[in-house]
Amino acid sequence: MNSEIIRRRVSASYQQLAAELHPVLARIYAARNVEHAEEVAYSLDKLPPYHSLRNIEAAARLLHDAVTRQQRILIVADFDADGATSCALAIRALNMMGAKQVDFLVPNRFEFGYGLTPEIVAIAATRLPELLVTVDNGISSIEGVAAARAFGMRVLVTDHHLPGAQLPEADAIVNPNLPGDAFPSKALAGVGVIFYVMLAVRAQLRASGWFAQQEIPEPNLAHLLDLVALGTVADVVPLDYTNRILVAQGLARIRKGACCAGIAALLRIAGRRLERVAASDLGFAVGPRLNAAGRLEDMSLGICCLLSNDAERVERMVRELNDLNAQRREIEQEMQLQAHELLNNMRLDEARLPVGLCLFDETWHQGVIGILASRIKDKTHRPVIAFALAEKEDEVKGSARSVVGVHIRDVLEAVATAHPGMLTRFGGHAMAAGLSLPREHLAAFMDAFDREVRRHLSEDALRGMIHSDGELRPHEFDLELARLLRDAGPWGQGFPEPVFEGVFMLEDRRIVGEKHLKLRLRSSDAAAVDAIAFNTTDAGWPLEVRQVSVAYQLDVNEYNGRESVQLLVRHIHPHE
């Protein structure tokens, strides 16, 4: 079935933007609700101040006291890229500010599961921390925080996940999604939250004279924005204005080579050039390699990679991360085949598939089900939960991925409210969530989930939709515009990369790498241009296809030191 191409609505701000920007770029920004050119000016002085984050002064006091008294601080991180970058940033920042006793602990997902559980607190207690700080987790850790305080620890929770009805009784909680929080961005990733906390800590240490007393240079925390950019992009949070500033500034540092050794090495092993790095490189090249540690083994490897300044040690760790990512891809490919077989065995046409789709196989790897859910969601255009067996065989764990229009955590909360006792735990945000439940409840949950999703998702939304920024004129297929669009981001979740549409004369087509379609296309009287459609073939096309309808991105292709325009095809079919 051909995807439906929907042209983005351009707001009234276009005329004002076009007076200052390239007309194509003005059109793109106006379709993303940018009203003024200042909204794409990404200087650090445009960041909202930290003061409006609820409880941030109390959080800063906890860390100020721990640093100045040289107390033992333990960072408890999540086991994904956001958690790893959050942890590395917290440790680097605290060390820069003079803390001497900072350590970290990251739960192994296969032994302890997500978050600050009482079991992980028991392990933390053996290290005798005086202050325990969660990063990218903790907002739902009611029992874990209580256990930590029972051990005599003070607890600071920093998180960005949506809170439930009950909050943990921590000494302080910083989360922009807390009720009544006035911080303008609700989309901060965990690494963004801890970055803001460190800004507040630095301010309190400055005010108390700590840096002068200790003869410590006041740290420039902008040096850590490479970590903020990586964690923000890898966690696929919406790139609102605040996040775009953080990512743009981090990318600028990476392009100059002013990034931690681990990020630089991960980019190199992925075949990316530092001076050309884009947000998509962090999301599709660096993030998966870092995440592979938490998915298959232990995220401690990824955190150590981001913390180390020893080039030889970093290279060894990056090679190990790269090998783990290759293993992850093999596991994922097998799981995708099994998932497609499950879909086929349902013997239902696409219109009759469950709108809220749940898939389960006893052999699936619980570290990879999130990626699997994302792949099946992209294929079926509906929310998907992939389940695997938990450590206890009478329990299953699920990873959910959603589509626009369905707030997946709210759906899980509605199911849990309507069916008390069905879910053991759940948490997340609008587009992604995790959950656990007894295996005996799985069938009932599948039905309840489908019913709840149907309340939120229209039939129209089940069709594959590609949002287009319109057509390009013949003279706009040029390298200058392609470079401009590449550098006009950062593009990502909630601020998508420009996609154009058009009908082209097909001059040549061939299959490369067994599964990719290489094309030569011509638009009107413009020069012919190369195009590539990854994971697409021309099987089923009529033999004599002369015209094709294409949705594409205008890209810069570099080969042997020479740059040229290339179209990255998002969707293609013979033009009728």
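Residues numbered from 1 in each chain as written. Predicted model: local features only at pLDDT ≥ 70, side-chain atom pairs only at ≥ 80, totals over all residues. Heavy atoms only, no water.

> Where do I start with the nonpolar core in this structure?
The nonpolar side chains of soluble globular proteins are, as a tendency, buried together. Ranked by size, the top nonpolar core spans 151 residues in total, and within it Leu63, Ile75, Leu94, Tyr196, Met198, Leu521 and Leu554 carry the most contacts. If one sorts the elements of this core by residue count, helix α7 (residues 190–207) sits on top with 12 residues. Other than its neighbours up to four places away in sequence, Met198 contacts Leu63, Leu89, Ala90, Ala93, Leu94, Met97 and Leu221. Grouped together as the second largest cluster of nonpolar side chains are 28 residues, Val396, Val415, Leu423 and Ala448 included. (Core = buried A, V, L, I, M, F, W, Y, C linked by side-chain atoms within 4.5 Å. Buried < 20%, exposed > 50% of the residue type's maximum accessible area, 1.4 Å probe, protein only. Helix = DSSP H or I, 4+ residues; strand = E, 2+ residues; numbered from the N terminus. Contact = heavy atoms within 4.5 Å.)

> Please explain α7 as it appears in this structure.
End to end, α7 covers 26 Å across 18 residues, agreeing with the expected 26 Å (1.5 Å per residue, within 8%). Counting buried positions over the 18 residues of α7 gives 16, a clear majority of the element. Positive phi shows up at Gly209, right after α7, with a value of about 80°. (Expected span 1.5 Å × (residues − 1).)

> Is there a simple way to think about the packing of aromatic side chains in this case?
Describing an aromatic ring pair means giving the distance of the ring centres and the angle of the ring planes. Counted by the stated rule, this structure contains 13 aromatic pairs. Counting every residue linked through ring pairs, the aromatic cluster contains Phe477, Phe500, Phe504 and Tyr552. One residue, Arg244, lies across the ring of Phe495, its end atom 3.9 Å from the ring centre. (Phe/Tyr/Trp six-rings, centres within 6.5 Å; stacked < 30°, edge-to-face > 60°. Lys NZ or Arg CZ within 6 Å of the ring centre and 35° of its normal.)

> I keep staring at the pattern of salt bridges and nothing clicks. Help me out?
Working definition: two side chains of opposite charge can pair if their charged atoms are close together. One pass over the structure, following the stated rule, counts 32 salt bridges. Measuring nitrogen to oxygen at the nearest pair gives 2.7 Å for the salt bridge that ties Arg273 to Glu275. By relative accessible area, which is 37% here, Arg273 ends up partly exposed. Classification of Glu275 by relative accessible area gives partly exposed; the value is 41%. Several salt bridges converge on common partners, so that one network encompasses Arg273, Glu275, Arg276, Arg483, Glu558 and Glu563. (Salt bridge = Lys/Arg side-chain N within 4 Å of Asp/Glu carboxyl O.)

> Is there a simple way to explain unusual backbone geometry in this structure?
Of all residues except glycine, most have a negative phi; of all peptide bonds, most are trans. A cis geometry characterises the amide bond from Gly489 onward to Pro490, with omega recorded as 15°. Mapped onto the secondary structure, Pro490 falls in the loop between α18 (479–487) and β13 (500–512). The residue Asn55 is not glycine, and still its phi comes out positive at about 70°. Checked against the element boundaries, Asn55 lands in the loop between α2 (23–30) and α3 (56–68). The residue Asp136 is not glycine, and still its phi comes out positive at about 65°. Tracing the backbone through its elements, the reader meets Asp136 in the loop between β4 (131–135) and α6 (142–150).

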